[in-house]
Structure formats: C-alpha cells, structure tokens
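# Survey of secondary and tertiary structure
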Amino acid sequence: MVHTKSQAESINANLVKFSTLLKGKTKEGFVVVERNDKLPYAVLLKKKKKVNHIYNFAIFCATLGLWSFVWIYITQVSSKAKKILIAIDEDGNPFEEKCYMG
C-alpha cells in the first residue's frame with residue numbers, strides 16, 4: 001500500500017498524539033500492559049492501592065464521623081485496580097475506555 005505525503009504526515013501526527021496520551025497516563029501511575037503502534041492502541045493498568053485503615057479510623061474519630069464519607073470513597077473507588085484502553089480512531093481522535101476486570 002502506497003501512502004501519500006499527507007497520509008504519512010497524518011499517521012505521524014496520530015502517533016505523536018498517541019504517545020503524548022500514553023506519557024500522561026504513565027505519569028498518573030498507569031503501566032503499559034499491551035501496546036500496538038500500527039492501529040494504534042494500548043492497554044494500561046493501575047495497580048490496587050493499599051488503604052491505611054488505622055490512619056483513616058483516627059481521622060474518623062477526630063472528625064466525629066464526618067471522615068466516613070471520604071473513607072468509604074477511598075476504600076470502594078479510588079483504591080481499586082483500574083484497566084483502561086487508549087486508542088486513536090480512524091479520524092485521528094483520541095479516546096479512552098475502561099476495561100472489564102474479572
């Protein structure tokens with residue numbers, strides 16, 4: 001398949017967008033599990049964080065229970081492992097989707 005100059009520039013621009021997205025996500029703590037530069041797409045994983053329940057209980061007691069909302073959020077949402085798919089579609093637009101973790 002022969003690419004014209006504008007198609008090659010478009011492919012390079014999409015690859016730059018893709019690499020920039022990956023760099024931003026790796027700074028947020030994600031690790032690349034799988035990567036394909038031809039399509040381009042990547043599967044990223046952020047490992048589960050350990051919650052310090054003793055520390056949170058101390059804050060819970062000091063705030064007379066108001067910290068319970070934050071503690072529940074930390075335990076149930078932000079400490080869970082996350083797996084996402086980042087890709088560039090045919091139009092050159094980046095997108096991100098959550099992957100199912102069974």
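Our structure's up above, just so we're on the same page.
Predicted model, so just to flag it, every value in this text is computed and none were measured.

What follows covers the overall build of the protein chain. A tally of helices and strands in the protein chain yields three helices and four strands. Ordered by position from N to C terminus, the α and β elements of the protein chain give α-β-β-α-α-β-β. Here the protein chain has a C-alpha radius of gyration of 20 Å; the compact-globule value for 102 residues is 13 Å, and the former is much larger. When its C-alpha atoms are laid out on the principal axes, the protein chain stretches across 70 × 25 × 20 Å. The burial tally for the protein chain puts 22% of its 102 residues in the buried class. The long-range fraction of contacts in the protein chain, counting pairs at least 24 apart against all pairs at least 6 apart in sequence, stands at 41%. Carbon and sulfur atoms form 62% of the exposed surface of the protein chain, whose accessible area is close to 7900 Å². Distance between charge centroids for the protein chain: 13 Å, based on 16 positive and 9 negative side chains.

Let's shift gears to the side chain of Asn56. As for its placement among the helices and strands, Asn56 is situated in helix α2 (residues 53–62). For Asn56, a relative accessible area of 5% translates into the label buried.

Attention now goes to the nonpolar core. Formed by Phe18, Leu22, Phe30, Ala42, Leu44, Ile84, Ile86 and Ile88, the largest nonpolar core amounts to eight residues. Elements represented by at least two residues in this core include exactly α1 (5–27), β2 (41–46) and β3 (82–88). Not counting residues up to four positions away in its chain, the partners in contact with Leu44 are Leu22, Lys25, Phe30, Val31, Val32, Val33, Lys82, Lys83, Ile84 and Ile86.

What follows deals with the sheet that holds strand β1 (residues 31–36). The strand order across the open sheet built from four strands is β1-β2-β3-β4, with neighbouring strands paired in antiparallel fashion. Strands with a single pairing partner mark the edges of an open sheet, and in this sheet they are β1 and β4 (94–98). The average angle at which neighbouring strand axes cross in this sheet is 20 degrees, direction not considered. The sheet contact formed by β1 and β2 spans five bridges and is antiparallel. Paired with Arg35 across the strands is Ala42, a residue of β2. Across the sheet, α1 touches β1, β2, β3 and β4, and the angle it forms with β3 is around 160 degrees.

Reading the values: rules and limits
- Residues numbered from 1 in each chain as written.
- Predicted model: local features only at pLDDT ≥ 70, side-chain atom pairs only at ≥ 80, totals over all residues.
- Heavy atoms only, no water.
- Helix = DSSP H or I, 4+ residues; strand = E, 2+ residues; numbered from the N terminus.
- Rg over C-alpha atoms; globule rule 2.2 N^0.38 Å.
- Buried < 20%, exposed > 50% of the residue type's maximum accessible area, 1.4 Å probe, protein only.
- Contact = heavy atoms within 4.5 Å.
- Areas by Shrake-Rupley, 256 points an atom, 1.4 Å probe, with all protein chains shown as cover.
- Lys, Arg positive; Asp, Glu negative; His and termini not counted.
- Charge placed at Lys NZ, Arg CZ, Asp CG, Glu CD.
- Core = buried A, V, L, I, M, F, W, Y, C linked by side-chain atoms within 4.5 Å.
- Pairing = 2+ DSSP bridges.
- Axes fitted to C-alpha atoms, helices over the stretch in contact; angles between N-to-C directions.

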